[in-house]
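Understanding the architecture of this molecule
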Amino acid sequence: MELPYAEPYKMKVIEPLYRSSRQEREQWIKEARYNLFNLKSEQVFIDLLTDSGTGAMSQYQWSEIMLGDESYAGSSSFFKLKNVITQLLDMPHFLPTHQGRAAENVLFSALIKEGDIVPGNSHFDTTKGHIEYRKARAIDCTIDEACNTSEFHPFKGNIDLEKLEEVFKKYPSDKIPLCIITVTCNTSGGQPVSMENIREVSALCHKYGVMPIFDAARFAENAYFIKTREQGFENKTIKEIVKEMFSYVEGATMSSKKDAIVNIGGFIVLRDKSLFDKASVFNIMYEGYLTYGGLAGRDLGALAQGLMEGTEFDYLEARIGQVAYLGEKLTQSGIPIQVPTGGHAVFVDAKKFLPNLPKEEYQAQTLAIELYIEGGVRGVEIGTLLADRNPVTRENRYPQLELLRLALPRRVYTNNHMDYIAAALKNIWDRRESITKGFRITSEAPIMRHFTVELERV
Ligand code: F0G
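Predicted model, so just to flag it, every value in this text is computed and none were measured.

The next subject is a nonpolar patch on the surface. Among the surface-exposed residues, Y72, I284 and Y289 lie close enough to one another that they form a single nonpolar patch of about 310 Å² accessible area. Within the element layout of this structure, I284 appears in helix 10 (residues 273-286).

Here helix 1 (residues 22-31) crosses helix 14 (residues 363-375) at 145°, and the two axes come no closer than 7 Å. Residues R22, R25, E26, W28 and I29 of helix 1 lie in contact with helix 14, whose contacting residues are I369, Y372, I373, E374 and G375.

Quick look at unusual backbone geometry now. Cis geometry marks the peptide bond from V183 to T184, where omega comes out at -20°. Positionally, T184 belongs in the loop between strand 5 (178-182) and helix 7 (195-207). In this model, V339 is joined to P340 through a cis peptide bond whose omega is -10°. Examined against the element boundaries, P340 turns out to sit in the loop between helix 12 (313-332) and strand 9 (345-349). Even without glycine at this site, Y362 takes up a positive phi of about 60°. Tracing the backbone shows Y362 in the loop between helix 13 (350-353) and helix 14. On the basis of relative accessibility, which here comes to 4%, the residue Y362 falls in the buried class.

Another aspect to go through is the pairing of strand 2 (residues 93-97). Along strand 2, five of the five residues are buried, which leaves the element largely enclosed by surrounding structure. Taking every second residue as pointing to the same face, both faces of strand 2 are buried, with H93, L95 and T97 on one and F94 and P96 on the other. Of the strand pairs in this sheet, strand 2 and strand 8 (residues 266-270) are connected by five bridges, and their pairing is antiparallel. Looking across to strand 8, one finds that F94 is bridged to V269.

Another aspect to go through is the environment of Q322. Turning to its location among the elements, Q322 is positioned in helix 12. A residue is classified by how much of its surface remains accessible, and Q322, at 7% relative accessible area, is buried. For the pair Q322 and D430, spaced 108 residues apart in sequence, the C-alpha to C-alpha distance is 24 Å. Excluding anything up to four places from it in sequence, Q322 contacts Y5, L408, Y413, T414, N415 and M418.

Let us look at the sheet that holds strand 9. Taken in spatial order, the three strands line up as 9-12-11 in an open sheet, and their pairing is antiparallel. Looking along the sheet, the strands with just one partner apiece sit at the ends: strand 9 and strand 11 (380-382). Between one strand and the next, the sheet's axes are offset by a mean angle of 35°, whatever the strand orientation. Relative to strand 12 (residues 403-407), strand 9 runs antiparallel, the two being bridged by five bridges. By the bridge assignment for strand 12, V346 is matched with L406.

We now examine the packing of aromatic side chains. Applying the stated rule across the entire model yields 15 aromatic pairs. Here Y72 and Y292 contribute two aromatic rings whose centre-to-centre distance is 4.9 Å and whose plane-to-plane angle is 70°, an arrangement assigned as edge-to-face. Of this pair, Y72 sits in the loop between helix 2 (59-67) and helix 3 (76-89) while Y292 sits in the loop between helix 10 and helix 11 (297-310); the two residues are 220 residues apart in sequence, bridging distant segments of the chain. Accessibility expressed as a relative area gives 19% for Y292, which makes it buried. Ring centres of F168 and Y208 lie 5.3 Å apart, and the angle between their planes is 40°; on these two criteria the pair is classed as tilted. Of this pair, F168 sits in helix 6 (residues 161-170) while Y208 sits in the loop between helix 7 and strand 6 (211-215), and the two are 40 residues apart along the sequence. Taken together, the aromatic side chains of F78, F79, F94 and F267 make up a single cluster linked through ring pairs. Across from the ring centre of W429, 3.6 Å away, lies the NZ or CZ of R432, which sits over that ring.

Time to look at the environment of E26. Mapped onto the elements, E26 comes out in helix 1. On the basis of relative accessible area, E26 is assigned to the partly exposed category, the value being 38%. A sequence separation of 343 residues divides E26 from I369, and the C-alpha atoms of the two residues are 9.4 Å apart.

Moving on: the pairing of strand 4 (residues 137-140). Examined bridge by bridge, strand 3 (residues 117-120) and strand 4 share four bridges and lie parallel to one another. Bridge pairing links V118 to A138 in strand 4. For the handedness criterion, the β-α-β arrangement of strand 3, helix 5 (residues 125-133) and strand 4 is classed as right-handed.

Right, let's talk about the site of the ligand for a bit. The immediate surroundings of the ligand are formed by 16 residues, with T50, R101, D215, S255 and K258 found nearest. A distance of 2.8 Å separates an oxygen atom of the ligand from a polar side-chain atom of Q99. Taking S255, its side chain carries an N or O atom lying 2.6 Å from an oxygen atom of the ligand. Bound to the protein, the ligand loses 94% of the 470 Å² it would expose on its own. By residue class, the composition of the shell around the ligand is one nonpolar, eight polar and seven charged.

A separate point is the domain arrangement of the chain. For the chain, the assigned domains read domain 1 (22-51 + 320-457) and domain 2 (59-310). Its C-alpha centre places domain 1 at a distance of 27 Å from the equivalent point of domain 2. Tallying the contact residues gives 28 residues for domain 1 and 33 residues for domain 2. Carbon and sulfur atoms make up 54% of the area that domain 1 and domain 2 hide from each other, which totals about 2,400 Å². Sorting the residues of domain 1 by area buried against domain 2 places Q338, P340 and R410 first, and these three jointly supply 23% of that buried surface. Applying the counting criterion to the domain 1 and domain 2 interface returns five salt bridges. For R397, the salt bridge goes to E132, with nearest N and O atoms at 3.5 Å.

Scoring rules and cut-offs
- Residues numbered from 1 in each chain as written.
- Predicted model: local features only at pLDDT ≥ 70, side-chain atom pairs only at ≥ 80, totals over all residues.
- Heavy atoms only, no water.
- Patch = residues over 30% accessible without salt bridge, like charges linked within 9 Å, V, L, I, M, F, W, Y side chains within 5 Å.
- Areas by Shrake-Rupley, 256 points an atom, 1.4 Å probe, with all protein chains shown as cover.
- Salt bridge = Lys/Arg side-chain N within 4 Å of Asp/Glu carboxyl O.
- Helix = DSSP H or I, 4+ residues; strand = E, 2+ residues; numbered from the N terminus.
- Axes fitted to C-alpha atoms, helices over the stretch in contact; angles between N-to-C directions.
- Contact = heavy atoms within 4.5 Å.
- Buried < 20%, exposed > 50% of the residue type's maximum accessible area, 1.4 Å probe, protein only.
- Pairing = 2+ DSSP bridges.
- Phe/Tyr/Trp six-rings, centres within 6.5 Å; stacked < 30°, edge-to-face > 60°.
- Lys NZ or Arg CZ within 6 Å of the ring centre and 35° of its normal.
- Right-handed = clockwise from strand over helix to strand, strands pointing away.
- Near = heavy atom within 4 Å.
- Polar contact = N/O pair within 3.5 Å; in protein donor to acceptor, adjacent residues only side chain to side chain.
- Nonpolar A, V, L, I, M, F, W, Y, C, P; charged D, E, K, R; others polar.
- Domains from an automatic or database assignment.
- Buried area = accessible area lost by both parts, 1.4 Å probe.

Here is the structure:
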């Protein structure tokens, strides 16, 4: 019998969890104005709000915390990280930042001006926020298959080359400073982009004089899918695949809180020296000196170690295997999810889950609140609240996908937790017909409203 995969690590430190009552949770979520971001973490039993900065560091990463060199300039921790990045990504220039959106802020300050167009695959909300804040526009060119949650496609994060070329033909190249390839594509379900697509997008970008840039937050998970789903890569290591992926782009912004398994951190890598020089000025202004970029020396060391561990096949197999395990459990109960499951999360199709609820009453948010009340499980809405309003008309934007994301922190929960989550969702599924009323907004911010929005029951 072939032996199954199992986590290539064991537990040394544990963090106890409080199991609250339904009555407590009903009170707490009301006090939180039905916004799950407002809950205190002690009020949550299983926290699937995000996989960002919530992973468990290894003993080697904790050792790096002790070894951190806190010199203002030229710290050895910086050079440790620089070496790993050169080895792994083969990019000549590198700037540390305190997280992913900070990397976006620095790079976009050097690249994007008012009136610009930035095509890509379902830009993440902070990415889109940093584009729109500069009065530029993000155009989503993801393949249509990404929006059909029940149809299997191995690379639902792919960019549609025809859509992309249309953008390139419609606008002059001096209006398109970059094209963002998000690996994996978070918004459409942690869905990967194939090597073939990366290569073709890169070729098209270069043909039209546009820079292909990765949003690389989950690049290692993307590489895992290339290895396991794309022909010709089955015998390559994750690290070899990563190097090839990066060979097609001119640079990347990175949120290290994901695939580098640290609690805080980010960086920019670039091929072009003059762009690096330009971005360096913004890095010093917004983040800090070039060899620490808003991070402590110890953070840089833990990040260097995390990059090496996060690109190991055995770790990725267990990580992505757990996401698939939860997905299978839900599918067995008939619960509609984005298939196949992606790298970091299971995305429940809230439109199909709650068909009796009007979209104006926030289907995915309603499902997220139900799941919290049912089992103390905190997921997050990836739907109308997140999609914000049209910056010009101020009308609600209703995205094609209305999803409840259950993001799994790395190396944190067991499959018993997955069984618990699946049971809680199954209970809601069994009474879904009776959920006919959702929520209305009582207060919201002008941009990125989902973090602070306040709601009441309709
Ligand atoms: N790009 C992607 C694809 C992301 O998923 C995120 C963050 C960022 C950029 C920004 O990075 O948080 O370090 O500033 N995603 C988190 C999430 C917040 O929950 O999906 P950051």
